[in-house]
Amino acid sequence: MIRVIAAARAAFVLETQRTTYAFRILPTGQPEMLYYGRRVPLETEGDLDALTEKRAFAPGNTVVYDAAHPELSLEDVCLEFSSLGKGDLREPMLELINPDGGATNDFLYESHSIDDTQPPQSPLPGSYAGDGKAEHLCVFYRDRNYGLALGLHYYVWPECDCICRRSVLRNDADAPVDILRLLSLQLDLPAQRVAVTSFRGAWAREMEKHTVALSAGKFTVESRSGASSSRCNPFFIVHSPAATEDAGDCWGFNLIYSGSHYAAVEIGAFGKVRIVQGIQPLGFRWRLAPGERFETPEAVMSYSAEGFSGLSRGMHFFVREHIVRGRWKHKTRPVLLNSWEACYFNISESSLVSLAKAGRDVGVELFVMDDGWFGERSDDTRSLGDWTPNPKKLPNGLAGLARKIRALGLDFGIWVEPEMVNVNSELYRAHPDWVMAIPGKAHSEGRTQRILDLANPAVQDHLIDRMTEVFSSAEISYVKWDYNRNFSDVYSPALPPQRQGETAHRYILGLYRVMAALTERFPDILFEGCAAGGNRFDLGILSYFPQIWASDNTDALSRADIQEGYSYGYPQSCIGAHISSAPNHQTLRDTPLDTRLNVAAFGLLGYEYDLRDLSPGKRKKLSEQVAVYKRWRDVLQWGQFYRVRGGNDRQWCCVAPDGRRAVGLLLRELMQTNSPDDRFFLRGLDESTRYRFYNEPRSVDIKRFGTLVNTIAPFHIRQDSLIHDVVARVVRQPGEKEELTAPGAVLMHGGVKLAPAFAATGYDERVRFFPDFFSRLYFIEAAED
């Protein structure tokens, strides 16, 4: 709900189910932030007075805003936005070069409007509702020295406790203005100590969680790569230093944008906390002509008093309901098999069909042909941009291969990387002016490829037309859209020199135009975003593609960290997670097949695996895994995810929306000697409902015990001998069985004391075999009355 309290000064109150956001207009015309936190009743001017800072004299060595208000220094005010030149020395939201060359701006309140208009969806994507309506407030400010109008837009999504903000600057003057910085959000909080949790990393180690305590100074969360970046995701959390999973003040922020981004958390000279977020201002300069307007992407903010878990629940709901759209929004995602780690570039129609058959036999539903199918693509140095099937590899083209795959009962998907081009390609030879490069200057490449200049409308048109041809040429159900390098030598040959500061943002606008056109033309295709793994995992991509490949690292232990990092701001229904061979291709770590499945099951399950090489026993095990996953897929994809415990023995659980079914994961990193006891805790259950808690017992390969087998064998068995192999085929050690019924309150607050783990004092069916890298899935169902 959005309310205006028409007191002596206009005040605005934005309410969600559990939060209140309030600000009012100062006598001087600037908007003063009053409160953002748990929901409180604000009905009268007196209620607002309790939250309004009292002033008598401006602090020493500060700039007074004007002579009529000697008590007011903007450096010591919680503001809704700030600019340069009027005394606020903190991080600005707005930085302009005015027609006279000056950088001072003085925007003051002019008017406001409230309606049910949802954000525009072009040229930038935005949050949305199925009925096209949103609770919308726009507050208009006018620069009193120049003909500039600033609109600050607020969109309230009550059920998920999220508020979106964007900024629109309109030039009503008769001369151009240069925008050096126009951010989407500024939030000022009262003086306090905070901590900032951000998610950083690199290729193959995305979303590493880092927390810093901030008592003074500034901390930035930013990307300069041209994309939202694996180096630093745009999602971050500002929170009380003592916040936990289940308690404490947490403010979460994200940006519906796929380009370079910038956020800063600053504690100013007087202790107040300033948070800003938006487009990266470094290298940005936008010429705004008279009569033109510039719109920022939407920023998303949320608050929870229930710790990180409470914040995540709201963010997950927001992404599922107000970002992801189209026919796949709530549709069950298929189990897929991708050819990459099985074949790399060495593909042929016959090898792909045989791989697909192996996938079908274990329960795979979708087969995806990855890189290597087009042009002369035998490695990564050639043919990007030449989207014609290689006749030697695919003699019957995409259509012929698709028919053979679909005849197996599988859907068919392909890999593309439309935004890139190799110099060694027909496209580059025909259009060297279509790449992002500085004419006549040496270019620094990434992955031996260059970036097409999507700031150029002709390039956008080409990609729309060419991808339309490809997607129409066969019965394609899925597209993996990759993007494998970062920006360098940022320059658009299609723009004049004085507008080169617009290149990076115009590229993103062009990308969104291409994605919008193709997803509208092919609404039944399941698109999955990818960018060298998670180099562009953001709400902008999710506005077009309902899922994103989280990382090229498929090692189960690495993936547990990566997927848990994503879980703070993104639901598991948009996180691509695959099982691959062991030793893993990225880490060379050898993890059990069960653990690889158990971790990947808490995302969108797929395989990157040459299933043709598996033994009959492993194929049978894979088939059983897939069958179990499919029985619980609705809970794992659409349930509420909880991070129950971190550390060496990690615990997750996922609870169905109605609270009657759940799946839990216990994952061990390293075994601790002689530590048999463990408890498993649930979250999100109904306290009074009785639940059945159980596992699916697995027998243990006797070879896992090494020479310990001789303590029970009637004759000596040499480790790794032929006799050892023969005995292992015939004799399996039984695994522990967990089976009990208890109220939800017991399972959540008391936990389940599990069967003791092996502690070197004996083993039988009562003992849990749980060495390094092992895991268990536990299943919870409401007991029948």
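Each remark here, short or long, concerns the structure printed above.
Residues numbered from 1 in each chain as written. Predicted model: local features only at pLDDT ≥ 70, side-chain atom pairs only at ≥ 80, totals over all residues. Heavy atoms only, no water.

Trainee: Whenever I open this one, the environment of Glu469 confuses me. Can you help?
Mentor: Residue position: Glu469 is located in helix H7 (residues 457–472). Accessibility expressed as a relative area gives 49% for Glu469, which makes it partly exposed. When the C-alpha positions of Glu469 and Thr388 are compared, they lie 9.8 Å apart, and in sequence the two are 81 residues distant. (Helix = DSSP H or I, 4+ residues; strand = E, 2+ residues; numbered from the N terminus. Buried < 20%, exposed > 50% of the residue type's maximum accessible area, 1.4 Å probe, protein only.)

Trainee: In this structure, what is going on with the pairing of strand E31 (residues 604–608)? I would like to understand it.
Mentor: In summary, the side chains of a regular strand alternate between the two faces of the sheet. E31 sits mainly inside the fold: five of its five residues count as buried. Of the two faces of E31, the one holding Leu604, Gly606 and Glu608 and the one holding Leu605 and Tyr607 are both buried throughout. As paired elements, strand E22 (residues 336–338) and E31 share two bridges and run parallel to each other. In the strand pairing of E31, Leu337 is matched with Tyr607. (Pairing = 2+ DSSP bridges.)

Trainee: Please clarify how empty space enclosed by the protein should be interpreted in this entry.
Mentor: Inspection of the entire model under this criterion finds seven cavities of 30 Å³ or more. Along the walls of the largest cavity sit Gln30, Leu74, Leu79, Phe81, Ser82, Ser83, Lys86, Gly87, Asp88, Asn105, Asp106 and Phe107, which together make up its complete lining. When its residues are assigned to classes, the lining of the largest cavity shows four nonpolar, five polar and three charged. When its volume is computed, the second largest cavity comes out at roughly 80 Å³. Its residues assigned to classes, the lining of the second largest cavity shows six nonpolar, three polar and three charged. (1 Å grid on protein atoms, 1.4 Å probe; cavity = no way out; pocket = protein on both sides within 12 Å on 5 of 7 lines; lining within 4 Å. Points joined across faces, edges and corners; volume = space filled by probe spheres on them. Nonpolar A, V, L, I, M, F, W, Y, C, P; charged D, E, K, R; others polar.)

Trainee: Looking at this structure, how should I read the pairing of strand E32 (residues 640–645)?
Mentor: Burial of E32 is extensive: five of the six residues sit out of reach of the surface. Adjacent in sequence and paired antiparallel, E32 and strand E33 (residues 649–655) are bridged by three residues, among which Gly647 carries a positive phi angle near 90°.

Trainee: Is there a simple way to think about the pattern of salt bridges in this case?
Mentor: For side chains bearing opposite charge, pairing can occur when the charged atoms are close. Here the structure, examined in full by the defined rule, presents 66 salt bridges. Asp76 is the salt-bridge partner of Lys272, the closest N and O atoms lying 2.6 Å from each other. Note that Lys272 is positioned in the loop between strand E17 (261–267) and strand E18 (273–279) and Asp76 in the loop between helix H1 (45–51) and strand E5 (94–97), a separation of 196 residues in sequence. On the basis of relative accessibility, which here comes to 8%, the residue Lys272 falls in the buried class. Note that Arg144 and Asp106 form a salt bridge whose closest N and O atoms lie 2.8 Å from each other. Taken together, the residues span a long stretch of sequence, with Arg144 in the loop between strand E7 (133–143) and strand E8 (148–157) and Asp106 in the loop between E5 and strand E6 (107–117) at a distance of 38 residues. Through salt bridges that share partners, Glu32, Glu53, Arg55, Asp76 and Lys272 make up one connected network. (Salt bridge = Lys/Arg side-chain N within 4 Å of Asp/Glu carboxyl O.)

Trainee: Hey, could you run me through the environment of Gly252 in this one?
Mentor: Following the sequence through the fold, Gly252 ends up in strand E16 (residues 250–255). On a C-alpha basis, the gap between Gly252 and Thr197 in space is 9.5 Å, while along the polypeptide they are 55 residues apart. Those residues in contact with Gly252 that lie beyond four places of it in its chain are Phe236, Ile237, Val300, Met301, Ser302, Leu311 and Met315. (Contact = heavy atoms within 4.5 Å.)

Trainee: Help me understand the layout of surface pockets in this model?
Mentor: A probe matching the size of a water molecule, rolled over the atoms, marks out where space remains unfilled. The volume enclosed by the largest pocket comes to roughly 1,300 Å³. Lining the largest pocket are 41 residues, with Asp594, Lys621, Ser699, Asp701 and Arg732 sitting closest to its centre. When residues of the lining of the largest pocket are traced back to their parent elements, those giving at least two are helix H11 (593–600), helix H12 (616–638), strand E37 (700–701), helix H13 (722–730) and strand E41 (775–782). Take the lining of the largest pocket: its biggest share by element is six residues, from H11. Grouping the amino acids of the lining of the largest pocket by side-chain chemistry returns 14 nonpolar, 10 polar and 17 charged. Its boundaries defined by the atoms lining it, the second largest pocket holds a volume of some 710 Å³. What lines the second largest pocket is a set of 35 residues, among which Gln121, Tyr512, Arg513, Ala516 and Tyr544 lie closest to the centre. Elements that contribute at least two residues to the lining of the second largest pocket include exactly strand E19 (286–288), strand E20 (293–295), H7 and helix H8 (503–521). It is H8 that provides the largest number of residues to the lining of the second largest pocket, a total of nine residues. Grouping the constituent residues of the lining of the second largest pocket by class yields 19 nonpolar, eight polar and eight charged.

Trainee: Where do I start with the sheet that holds E31 in this structure?
Mentor: Taken in spatial order, the eight strands of this closed barrel run E22-E23-E24-E27-E28-E29-E30-E31, and their pairing is parallel. With direction set aside, neighbouring strand axes in the sheet form an average angle of 30°. Where strand E30 (residues 575–580) meets E31, five bridges bridge the pair, whose relative direction is parallel. Across the sheet, the residue bridging to Ile579 is Tyr607, located in E31. (Axes fitted to C-alpha atoms, helices over the stretch in contact; angles between N-to-C directions.)

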